[in-house]
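For reference, the chains in residue letters:
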Amino acid sequence: MDINKVIIPAAGLGTRFLPWTKAVPKEMLPLLDKPAIQYIIEECLTSQITNFSIVNSKSKQALESHFDSNTNLELILKERNKTNLIASTEKIFRHANFTYVRQTEPLGLGHAIWTARNTIGKEYFGVILPDELFFAKNPGIKQLIDIARQERASVIAVQEVPMNSVSSYGIIGIKKQITPKLFQVSQLIEKPKQKEAPSNLAIIGRYVLSHKLFNSLEKITPYATEELQLTDGINHMLKHGEKVFAYKIQGSRYDIGKPIGWIKAIIGRALQDQRYAPALREYLKDLDASHSFLYDNDQNLIKPLPKKP
Ligand code: G1P
């Protein structure tokens, strides 16, 4: 089973990061020295995936430019003997193929994936949501590809979440538990209320799916009320006899769709990176020790805390 294409839906407005995202795509949020989306592309390249269908919208030009050559910059860096500074992006545009597809209306994740249907043949393909970063020795998407090959079926990455946050995710219903990490799926419920959730296994933005999904999305499009969800399309496949599995992938996950997740990702990654870890550890230790400062809203200044009697 060859799986060498991934669809990345990147048409979202990034409203949670406004005004920063007014002119800059949220997928370009910096994480140490790279934009977030570069980590997704690198995860795929390490998993032998080289074809990317990026679903974008207006004002996402920076995405295309980032994965393209920049002759002026290359010349200047060459003269200064500093081409290593852009070596990682150079490697990407030499090895990867990008196709950009425009989603002209924000009609939901299912619609975004459907927009890229003509870039996929009669094959299994990956979907990665760029808000979800995943770091592991064996890349997240590769873990799913291995299961898809083993089961010859679609696979969704899941993670256990606290019951009080199930309403932020697509949640899977379990038909059968196959191993401690592998489940056959009975249904998917998009953002259920806590009491309606069939489990606490949440979909975390990585999928390997059969091309039959497109047929399903096409069938349900006319019935979609507001947004067409990807989970609706997968449910339709399930109802029509396709097997779908869920796999608890192993690694560290960051939801960078929210500012706090992005902040955690920066700190988490910096602590893993020898260039920054020693200084950051020192700084965090220091922060911890100096709880003696307080922000005074009225005077707009940081004041020492009053001493305890
Ligand atoms: C999307 C999916 C949802 C999934 C989530 C993971 O929702 O629809 O099933 O659990 O991503 O991040 P969104 O967060 O885009 O609303």
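Up top you'll find the structure we're talking about.
Here's a quick rundown of the structure. Since the structure is predicted, the reported quantities are computational estimates derived from the model, not experimental observations.

## Examining the pattern of salt bridges
No. 1: Enumeration over the complete set of coordinates arrives at 14 salt bridges.
No. 2: Here Glu42 and Lys34 are joined by a salt bridge, their closest N and O atoms 2.8 Å apart.

## Concerning the nonpolar core
No. 1: Ranked by size, the top nonpolar core spans 43 residues in total, and within it Ile41, Phe52, Phe98, Leu133, Ile141, Leu144 and Val208 carry the most contacts.
No. 2: Elements with a contribution of two residues or more to this core: strand S1 (5-9), helix H1 (36-46), strand S4 (51-56), strand S7 (132-135), helix H6 (140-151), strand S8 (154-160), strand S11 (201-209) and strand S12 (244-248).
No. 3: Tallying contributions element by element places H1 first for this core, with seven residues.
No. 4: Of all hydrophobic cores here, the second largest spans 32 residues; its members include Trp114, Leu209, Leu213 and Ile234.

## Comments concerning the site of the ligand
No. 1: As a structural note, the neighbourhood of the ligand is formed by Leu109, Leu129, Glu132, Tyr169, Gly170, Glu190, Lys191, Ile203 and Gln229.
No. 2: Between the ligand and Gly170, the relevant distance is 2.9 Å, taken from an oxygen atom to a main-chain nitrogen or oxygen of the residue.
No. 3: Here an oxygen atom of the ligand and a backbone polar atom of Ile203 are 2.7 Å apart.
No. 4: Against a free-state accessible area of 380 Å², the protein chains account for coverage of 75% of the ligand.
No. 5: Grouping the amino acids of the shell around the ligand by side-chain chemistry returns four nonpolar, two polar and three charged.

## Side note on a nonpolar patch on the surface
No. 1: A grouping of Ile260, Ile263, Ile267, Tyr283, Leu284 and Leu287 is seen on the molecular surface, where their side chains present a nonpolar patch of about 520 Å² in accessible area.
No. 2: Take Leu287: it is sitting in helix H10 (residues 277-289).

## Describing H6
Because an α-helix packs 3.6 residues into every turn, residues spaced three or four apart end up facing the same way.
No. 1: Between its first and last C-alpha atoms H6 spans 17 Å; for twelve residues at 1.5 Å apiece the expected length is 16 Å, and the two agree.
No. 2: Inspection of H6 places Gly140, Ile141, Gln143, Leu144, Ile145, Ile147 and Ala148 among the buried residues, and these make up the whole buried set.
No. 3: Phi turns positive, to about 50 degrees, at Arg152, one or two residues after H6.

## Things to note about the pairing of strand S6 (residues 125-128)
No. 1: Burial along S6 is two-sided: Phe125 and Val127 facing one way and Gly126 and Ile128 facing the other are all buried.
No. 2: As defined by bridge partners, S1 adjoins S6 across two bridges and the pair is classed as parallel. Across the sheet, residue Val6 finds its bridge partner in S6, namely Gly126.
No. 3: Alignment of S6 against S11, held across four bridges, turns out to be antiparallel. Counterpart to Ile128 in the pairing with S11 is Arg206.

## Re the pairing of S8
No. 1: The buried fraction of S8 amounts to five of the seven residues, a majority that puts the element mostly inside the structure.
No. 2: Relative to S12, S8 is paired through five bridges, and the arrangement is parallel. Following the sheet pairing, Val158 is matched in S12 by Lys248.
No. 3: Note: S8 against S11, five bridges, orientation antiparallel. Residue Glu160 lies in a different strand from S11, and its bridge partner there is Leu201.

Analysis parameters
- Residues numbered from 1 in each chain as written.
- Predicted model: local features only at pLDDT ≥ 70, side-chain atom pairs only at ≥ 80, totals over all residues.
- Heavy atoms only, no water.
- Salt bridge = Lys/Arg side-chain N within 4 Å of Asp/Glu carboxyl O.
- Core = buried A, V, L, I, M, F, W, Y, C linked by side-chain atoms within 4.5 Å.
- Buried < 20%, exposed > 50% of the residue type's maximum accessible area, 1.4 Å probe, protein only.
- Helix = DSSP H or I, 4+ residues; strand = E, 2+ residues; numbered from the N terminus.
- Near = heavy atom within 4 Å.
- Polar contact = N/O pair within 3.5 Å; in protein donor to acceptor, adjacent residues only side chain to side chain.
- Areas by Shrake-Rupley, 256 points an atom, 1.4 Å probe, with all protein chains shown as cover.
- Nonpolar A, V, L, I, M, F, W, Y, C, P; charged D, E, K, R; others polar.
- Patch = residues over 30% accessible without salt bridge, like charges linked within 9 Å, V, L, I, M, F, W, Y side chains within 5 Å.
- Expected span 1.5 Å × (residues − 1).
- Pairing = 2+ DSSP bridges.

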